[in-house]
Amino acid sequence: MKSSSYNNWSEVTRNWRVLLASFLGLCISSSGMYIYTKPMFFAELHLSLGWSRSELAIASIAHVAFIVVLAPFVGSFMDRRGIRGPIAFSLVAQVVCYIALAAMPAKLWAFYGLQALLSALGVAATPLGYSRAISSHFDAKRGFALSVSISGMGLIAITAPLILPPLMAVIGWRGAYLSMAGFIAVLSIPTLWLLGPDSSRKSGAQRHSHPRLRGDAQSLDKRAASESGEHEDIPLVRRPVFWLLMVAFMLPMLFGSGYMSHFILLLRDRGYSATDAGMVVSVIGAALFIGRLGTGFLLDHLFAPRVMAVILAMFGAGLLMLRSHEPALLLPAAFTVGFALGAELDVLAYLVSRYFPLKNYGRNYGVFYSTVSGASSFSALLLAQSAERTGSYDLILAVSAGVMLLSSALFLCAPRFPSRQDRDAHPKTTVDSPAEPRAPS
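This structure is a prediction, so every number in the text was calculated from the model and none was measured. (Residues numbered from 1 in each chain as written. Predicted model: local features only at pLDDT ≥ 70, side-chain atom pairs only at ≥ 80, totals over all residues. Heavy atoms only, no water.)

Here we take up the overall build of the protein. A tally of regular secondary structure across the protein gives 18 helices and 0 strands. Evaluated residue by residue, the protein yields a buried proportion of 58% over its 441 residues. Surface exposure of the protein reaches about 16,900 Å², of which carbon and sulfur atoms provide 67%. (Helix = DSSP H or I, 4+ residues; strand = E, 2+ residues; numbered from the N terminus. Buried < 20%, exposed > 50% of the residue type's maximum accessible area, 1.4 Å probe, protein only. Areas by Shrake-Rupley, 256 points an atom, 1.4 Å probe, with all protein chains shown as cover.)

This part covers the side chain of Ser22. Note on placement: Ser22 falls in helix α2 (residues 16–27). Classification of Ser22 by relative accessible area gives buried; the value is 0%. Aside from chain neighbours lying at most four places away, what touches Ser22 is Tyr130, Ala133, Ile134 and Ser149. (Contact = heavy atoms within 4.5 Å.)

End to end, helix α17 (residues 394–412) covers 28 Å across 19 residues, agreeing with the expected 27 Å (1.5 Å per residue, within 8%). Taken together, the buried positions of α17 are occupied by Ile396, Leu397, Ser400, Ala401, Val403, Met404, Ser407, Ser408 and Phe411. Along α17, the residues classed as buried sweep out an arc of 165° about the axis, all on the same side. Away from the buried face of α17 by more than 90 degrees, exposed residues Leu395 and Leu412 are located. Packed against the buried residues of α17 are α11 (240–256), α12 (259–269), α14 (304–323), α15 (330–355) and α16 (361–390). (Expected span 1.5 Å × (residues − 1). Arc of directions from axis to C-beta.)

For the protein, the average pLDDT comes to 79, and 84% of its residues sit at 70 or higher. Summarising per-element confidence for the protein, the mean pLDDT is lowest in helix α18 (residues 428–432) (36) and highest in α17 (93). Here residues 202–232 is modelled with pLDDT under 50, and outside its nearest four sequence neighbours on either side it reaches 52 contacts, counting other chains as well. Segment residues 423–441: pLDDT under 50, and 54 contacts once partners within four positions in sequence are set aside and those in other chains are kept. (pLDDT = per-residue confidence, 0-100.)

What follows is about the pattern of salt bridges. With the rule as written, the count across this model stands at 1 salt bridge. With a shortest N-O distance of 2.6 Å, Arg132 and Asp79 are connected by a salt bridge. Of this pair, Arg132 sits in helix α7 (residues 127–137) while Asp79 sits in helix α4 (residues 53–81), and the two are 53 residues apart along the sequence. Its relative accessible area of 15% is what places Asp79 among the buried residues. (Salt bridge = Lys/Arg side-chain N within 4 Å of Asp/Glu carboxyl O.)

Its identity is not glycine, yet His325 carries a phi of approximately 65°, on the positive side. Its location among the elements puts His325 in the loop between α14 and α15.

Here the focus is the nonpolar core. Within the largest apolar cluster, 135 residues are counted, with the highest numbers of intra-cluster contacts made by Phe111, Tyr177 and Leu351. Residue contacts for Phe111: discarding those within four places in its chain leaves Phe42, Leu45, Trp51, Leu56, Ala59, Leu101, Met104 and Tyr177. (Core = buried A, V, L, I, M, F, W, Y, C linked by side-chain atoms within 4.5 Å.)

The next point concerns α11. Taking 1.5 Å per residue, 17 residues should reach 24 Å; α11 reaches 25 Å between its end C-alpha atoms and fits that length. Three or more residues of α11 are buried, namely Val241, Phe242, Leu245, Met246, Ala248, Phe249, Pro252, Met253, Phe255 and Gly256.

Have a look at this one:
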C-alpha cells in the first residue's frame, strides 16, 4: 500500500516543474488567450468599429484555420524532436502578433489576417504541446496532472472578464491588446525556465538519477513502451473508437463552444450592462476552473467516457435554463455551461492517451485537436447566424441542448479501454475487447 501510494503521488512531486510550467504556459496559450478574451474584444470592436456579429465570428474561423491544418504536423514534429523549442518559438510569435493587433488599421482584412497568423505561429503553445509533456511524465495521476495544467486556461477565463472591460474603458482595445503582449512576455520566462531542457524524448530512467526514482521511471518507461507496441501502428481511421470519439467531441464543440463568445452579447440583448454581463461571464470562468480540476480527479477514479456523458447532460440542462429567461436561473446556467466547457479538453487529452499509442500522442492528439478546433471555430458563426435571423438565441439554445444529450448518449457507447497488448492489435479489438476498464493504480 505504501509503495502504491508512493508510486501514485511521486509522479506529482517528481515532475512538479513540468506541471507548473504547463499550468503557466496554458495561462498564456494562444488558444486560451484568444478564446477567453474574445468576448470582451468582440463586444468592444462591435461597438467601436461597427463590425457585425457575423463578421466577427468569421475571425474565429480565420484563427482556427491554421490550427486545423498544422496541428497534426506540429504534433508529429514534437513527437520526434521535443516540445521546448516549438513552444518557445510560439510564445515569442504571440507577443509579436498581439503588438501587431494593437497597431493594426481598423480593417477587417487586417484583423482576419492577424488572427490567422496568431494561430499558425502559436499552435505549439497550446494544449497540443503541454499535454504532450504531461502525458510523457504522468501515468497514474495523468488525469489530475492534465486538469491542473489545463486549469491555467480557466484562470484566464476567470480574470479576463473582470480585468479587460474596465481596462478597455481607460486605454481602449488597442491598449488592451498591447497589455496582453506584455503579459505573455512576462509569463513566458518562468514557463520556459520551469520546462527546462527538453526531456520529452528521454526515457524516464534517464530523467532521474536517484535509484528509487529511477526504478519508478523505468517502470513507467516499460508501461509506455508496452502501450506503444512494437507492431506497425493501425491507422486512426481504421479504429472504430476514433470515429465514435470524433463525432462525440465535434458535436458539443460545434453547438456549444460558441457560447463563450456570445454570452456577453446574449446578456446585452436582454438589457444587462457591460459590467454586469462581465460579472456573469466571470462565473463561467470560475466554473471552467472548477470543472477542469474536478474532472481531472474523476478521470483518475472513474471510467472517463461516462464522466463526460454526465457532464454533457449537465451542459444541455444549463442551456435550457439559459433559454428560460429566468433571472434566478442565470447564474446556475452560467456555472453549468462553464463547468462543461472546462471539462472537454481534459477528457479529450486523457482519452487520446488511453485509447491510442502513447508514442504517437502528439500526432494523434493533433488530429483530434485540429478537428474539434475547426468545429469550434464555426460555433460562434452558427450562433450568430441563428441570433440574427430569428432575433434571439432561443432557437439555437434549444437545438444545442438536444445535441448535448445526443453526444452524452454517444459517450455512453464508448468501449472499455484496450489492454496494452490490444492497443496496437487489430482495430476491432479496440471496441470488442473484453478487457476491464483501466483502474486507477
